[in-house]
Amino acid sequence: MKKTILFILLIAGVLFTACDIDRLPYGSMPDEKIKQDPGASLNTLLTGTYAQLKGWSDVMHRCGEYAGDNIMIRGTSTDAFYEFISYSRTPNNYRLQTFWDNSYKVIAQSSNIITMIEEGQSPEIDSQLGEAYFLRGMMYFYLTRAYGRPYAQNPDKNLGVPIVNGTPDDVFGEMPDRSTVAETYAQAIGDLEKAAALLTVDKGSAYASEMAAKALLSRIYLYMSGTYETPNTEYARLAEQYADEVIASGEFALLPREEFMKYTTFTPENNRETIFAIKRIASEFSGYDHYYGIGGMYATIGGMGWGEMYASARYLALLDETGRNDWANGKLVDARAAFIEPQYADGDSRVFRFIKKVYNDAGVHTNYNYVQAQIEESADGLVCVEEDERYPMTAVDAEQGIYTVDYADGETYRGVIDRLMRLNRAYPMFYITKTSREGEESHLHSPIISRLGEIYLNKAEAAAKQGDYGTALSALNTIRERSLPGEGYSSLDASSAAELIDKERQLELAYQAERSYDVFRNGKSLTRHYPGPHRALEEVSADDYRVVYYIPQNAINAYRGTGSTLTQNPTSN
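Small disclaimer: the values here were computed from a predicted structure and weren't measured.

A.B. asks: What am I meant to see in the overall build of the protein here?
C.D. replies: Within the protein, the regular secondary structure consists of 17 helices and 16 strands. Against the 2.2 N^0.38 benchmark of 25 Å for 573 residues, the protein shows a C-alpha radius of gyration of 25 Å, consistent with a compact globule. For the C-alpha atoms alone, the extent of the protein along its principal axes is close to 90 × 50 × 50 Å. Within the protein, residue pairs in contact and separated by at least 24 positions form 68% of the contacts whose partners lie at least 6 positions apart. If you sum the accessible surface of the protein, you get close to 22,000 Å²; carbon and sulfur atoms cover 47% of it.

A.B. asks: Can you help me understand the pattern of salt bridges in this one?
C.D. replies: Between side chains of opposite charge, pairing is possible as soon as their charged atoms come close. The tally for this structure, following the rule as stated, stands at 45 salt bridges. Taking the shortest distance from any N to any O, the salt bridge between Lys 465 and Glu 461 comes out at 2.8 Å. Of this pair, Lys 465 and Glu 461 both sit in helix H13 (residues 452-465), 4 residues apart, which is roughly one turn of that helix. Considered together, Lys 465 and Glu 461 belong to a single accessibility category, that of buried residues.

A.B. asks: Quick question: what am I supposed to make of helix H14 (residues 469-483) here?
C.D. replies: In an α-helix there are 3.6 residues to a turn, and that puts residues three or four apart on one side. The terminal C-alpha atoms of H14 lie 21 Å apart, and with 15 residues this matches the ideal 21 Å at 1.5 Å per residue to within 8%. Maximal helix bending in H14 amounts to about 25°, located at Asn 477. Taken residue by residue, H14 has Ala 472, Leu 473, Ala 475, Leu 476, Asn 477, Ile 479, Arg 480, Arg 482 and Ser 483 as its buried positions. For H14, the elements touching its buried residues are helix H10 (257-260), strand E14 (448-451), H13 and helix H15 (497-509).

A.B. asks: Even after reading the chapter, I still don't get unusual backbone geometry, so can you show me in this structure?
C.D. replies: Across residues other than glycine, the phi torsion is negative in most instances, and most of the peptide bonds are trans. Look at Glu 387: it is not a glycine, yet its phi comes out positive at around 50°. Along the polypeptide, Glu 387 turns up in the loop between strand E7 (381-386) and strand E8 (389-397). One non-glycine residue, Arg 425, lies in positive phi territory at about 60°. Structurally, Arg 425 is set in the loop between strand E11 (423-424) and strand E12 (427-428).

A.B. asks: How should the packing of aromatic side chains be read in this particular structure?
C.D. replies: For any two aromatic rings, the description comes down to two numbers: the centre-to-centre distance and the angle of the planes. Under the defined criterion, the tally for this structure stands at 32 aromatic pairs. The lysine or arginine in question, Arg 480, covers the ring of Tyr 489, its NZ or CZ lying 4.2 Å from the ring centre.

A.B. asks: Help me understand a nonpolar patch on the surface in this model?
C.D. replies: A contiguous nonpolar surface patch, about 350 Å² in accessible area, is contributed by Tyr 288, Tyr 292 and Trp 306. Within the secondary structure, Tyr 288 sits in helix H11 (residues 287-292). For Tyr 288, a relative accessible area of 56% gives the class exposed.

A.B. asks: Just checking my understanding: could you explain the side chain of Ser 225 for this structure?
C.D. replies: Topologically, Ser 225 is positioned in the loop between helix H8 (210-223) and helix H9 (233-248). Residue classification places Ser 225 among the buried positions, given a relative accessible area of 0%. Ignoring any residue separated from it by four or fewer positions in sequence, one finds Ser 225 in contact with Pro 231, Asn 232, Tyr 235, Ala 236 and Lys 465.

A.B. asks: Got a minute to help me understand the confidence of the model for the protein in this structure?
C.D. replies: As a general rule, the predicted coordinates of low-pLDDT regions are not to be interpreted in detail. Per-residue pLDDT for the protein averages 92, and the proportion of residues at 70 or more is 92%. Here residues 1-29 is a poorly scored stretch, pLDDT under 50, and it has 95 contacts once near neighbours within four places are set aside; other chains count.

A.B. asks: Just to check I follow, could you spell out the environment of Thr 265 for this structure?
C.D. replies: Mapping Thr 265 onto the fold places it in the loop between H10 and strand E2 (274-277). Between the C-alpha atoms of Thr 265 and Leu 318, which are 53 residues apart in sequence, the distance is 24 Å. When neighbours within four sequence positions are excluded, Thr 265 is seen to be in contact with Arg 437, Glu 438, Gly 439 and Glu 440. Within polar-contact distance, the side chain of Thr 265 engages the backbone oxygen of Lys 262 at 2.7 Å.

A.B. asks: Where do I start with the nonpolar core in this structure?
C.D. replies: The nonpolar side chains of a soluble globular protein tend to be buried with one another. Core analysis: the biggest nonpolar cluster contains 143 residues, and Leu 53, Trp 56, Phe 134, Met 138, Tyr 147 and Ile 340 have the highest contact counts within it. Here the element with the most residues in this core is helix H6 (residues 123-147); it accounts for 14 residues. In this structure, Phe 134 is in contact with Leu 192, Ala 195, Ala 208, Ala 212, Ala 213, Leu 216 and Phe 276, ignoring residues within four places of it in sequence. The next biggest cluster of nonpolar side chains, apart from the first, holds 12 residues, and it includes Cys 384, Met 393, Val 405 and Ile 417.

A.B. asks: Sorry if this is basic, but what is going on with the sheet that holds E7 here?
C.D. replies: The pairing of strands in a sheet happens through backbone hydrogen bonds and is either parallel or antiparallel. Pairing in this closed barrel of 6 strands is antiparallel, and the strands run E5-E6-E7-E8-E9-E10 around the ring. Within the sheet, the average angular offset between the axes of one strand and its neighbour, ignoring direction, is 40°. Of the pairings in the sheet, the one linking strand E6 (residues 365-378) to E7 comprises 5 bridges and is antiparallel in character. Residue Ile 375 lies in a different strand from E7, and its bridge partner there is Cys 384.

A.B. asks: Quick question: what am I supposed to make of helix H5 (residues 94-116) here?
C.D. replies: Between its terminal C-alpha atoms H5 stretches 33 Å, which fits the 33 Å expected from 23 residues at 1.5 Å a residue. For H5, the tally of buried residues reaches 20 of 23 residues, placing the bulk of the element in the interior. In this structure Asn 93 caps H5, since a side-chain oxygen of it lies 3.0 Å from the backbone nitrogen of Arg 95.

A.B. asks: Explain the packing of helix H7 (residues 181-198) against H8 here, please?
C.D. replies: Angle between the axes and distance between the axes: these two values describe a pair of packed helices. For the pair H7 and H8, interaxial distance at closest approach is 8 Å and the crossing angle is 155°. The pairing of H7 with H8 is recorded here as roughly antiparallel in orientation. The hand of the H7/H8 crossing is left-handed. Along the contact surface, H7 presents Tyr 185, Ala 188, Ile 189, Leu 192, Glu 193, Ala 195 and Ala 196, while H8 presents Glu 210, Ala 213, Lys 214, Leu 216, Leu 217, Ile 220, Tyr 221 and Tyr 223.

A.B. asks: Sorry, what's going on with the side chain of Lys 459 here?
C.D. replies: Among the structural elements, Lys 459 can be located in helix H13. Not counting the four nearest positions on each side in its chain, Lys 459 is found in contact with Glu 240, Ala 243, Asp 244, Ile 247, Thr 471 and Ala 475.

A.B. asks: In this structure, what is going on with the environment of Gly 130? I would like to understand it.
C.D. replies: As for its placement among the helices and strands, Gly 130 is situated in helix H6. The contacts of Gly 130, once residues within four sequence positions are left out, are Ala 195, Leu 198 and Leu 199.

Conventions adopted
- Residues numbered from 1 in each chain as written.
- Predicted model: local features only at pLDDT ≥ 70, side-chain atom pairs only at ≥ 80, totals over all residues.
- Heavy atoms only, no water.
- Helix = DSSP H or I, 4+ residues; strand = E, 2+ residues; numbered from the N terminus.
- Rg over C-alpha atoms; globule rule 2.2 N^0.38 Å.
- Contact = heavy atoms within 4.5 Å.
- Areas by Shrake-Rupley, 256 points an atom, 1.4 Å probe, with all protein chains shown as cover.
- Salt bridge = Lys/Arg side-chain N within 4 Å of Asp/Glu carboxyl O.
- Buried < 20%, exposed > 50% of the residue type's maximum accessible area, 1.4 Å probe, protein only.
- Expected span 1.5 Å × (residues − 1).
- Bend = angle between axes of the 7 residues up to and from the residue.
- Phe/Tyr/Trp six-rings, centres within 6.5 Å; stacked < 30°, edge-to-face > 60°.
- Lys NZ or Arg CZ within 6 Å of the ring centre and 35° of its normal.
- Patch = residues over 30% accessible without salt bridge, like charges linked within 9 Å, V, L, I, M, F, W, Y side chains within 5 Å.
- pLDDT = per-residue confidence, 0-100.
- Polar contact = N/O pair within 3.5 Å; in protein donor to acceptor, adjacent residues only side chain to side chain.
- Core = buried A, V, L, I, M, F, W, Y, C linked by side-chain atoms within 4.5 Å.
- Pairing = 2+ DSSP bridges.
- Axes fitted to C-alpha atoms, helices over the stretch in contact; angles between N-to-C directions.
- Parallel < 35°, antiparallel > 145°, perpendicular 65-115°, else oblique.
- Left-handed = near helix turned anticlockwise from the far one by under 90°.

What follows is the structure, encoded as structure tokens:
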């Protein structure tokens, strides 16, 4: 083969955005040089491929997390990411374009490596090929879960994404339309199985490995395992099998509670629980990135970051379900509360904080809002005061500072006595730090693709879908009792499995871009009955057309005139 390989592709360039076709990207080189020294060349080419993941992971996170119910934002935004929160889907979203482009750049660069390098030259070269297969398989999975409908919904008919492995001989010729969800999942599985077979050199959790491939296979088969009501037990069995292989490898360990509460401060290579993460380093993470990276929306740290998006009231309530997390006094019940940092006002002013319903002029309930009411003592006990109205407070658990009030709208609201919190607009600022503070470097963060905590939860769900509730309970409590010592569930059965496993997945995997996909793949509806500018009373069902994102319009436009068609997702139910 005598042509120069354009790894940045002609696939993502011509096929999808029709740009950058005249330049060699970082991490590409003539094929003659590759053949002269394949080992050294592969290192360079793979470095360039891994580099694409850094920009890719930003949008990947926002797509998965912002569409869920772990976060709220202080107000509407003109940024393209607000469409993820509001479910106002459009095909002209520059962030989705970036996600699409970067994904196909990784696919093309990985594919060209696989095409150019002959397998069987040495274990080291085969292992590098395994990395390429891993990266390609991972991209197909993440693309399909964003742009293709949940697997439980007609995977043989619903569309996934185009399968384009490598730079075609004629980049201006006819290009394939989207394959089905089943076909693109099969592509991802085939790549990851090949990766697991080839990967014999473990370079640490910042790189692909055999167990990283098996961790993703466990998740993919879990996504294919149907709902709790109509499970596919064979796929559930495979999800559990791969989870067991990762656990039994002994290469990873769950961090004990106190270390887990500092999880985000550890670099991937110094974290025994991390299986695969996209490595970021401080020297390439500028001040600009501290604002515009993932963590910048969740908190202001060291004067950096917007700090405009906070933990949702739903997530906070889940953290408090077993016992109140009193951040002001340093009493955390659930270890996962360590990743939330309420921002208190100066001074020791005490308030009664609760959430009330908001009504429009016609008296229709439309939203929710926080109240921080001043507290007074009366002869009859505590009273909170809001807008000159005085409400007697009834103790639910005085030791934990939990009370109720009978409010003017006829509702009884439950809340807590706490220090006065700072507000951004009308909302208390519950900062999220799970994507910040790596190495104590402000918002530096290496996005986690897989960690051992998830693998136990995969095992729990997969076992439950096979009716093996004893195994499911044991795996579930392994994770729950790490964060809530002594609070493991006493039993699990068909009537409780979906609720309890879903709850622990939400608590454990929050801010890792999993939540919205977990809801919809199990056939559930997403509701966000808590304060924020989103449509708080809306229910988004698993079969809603907005569950998936639109294919970027630029990608569709690039097909025109080539005799090819790239089919868009439906624009309504």
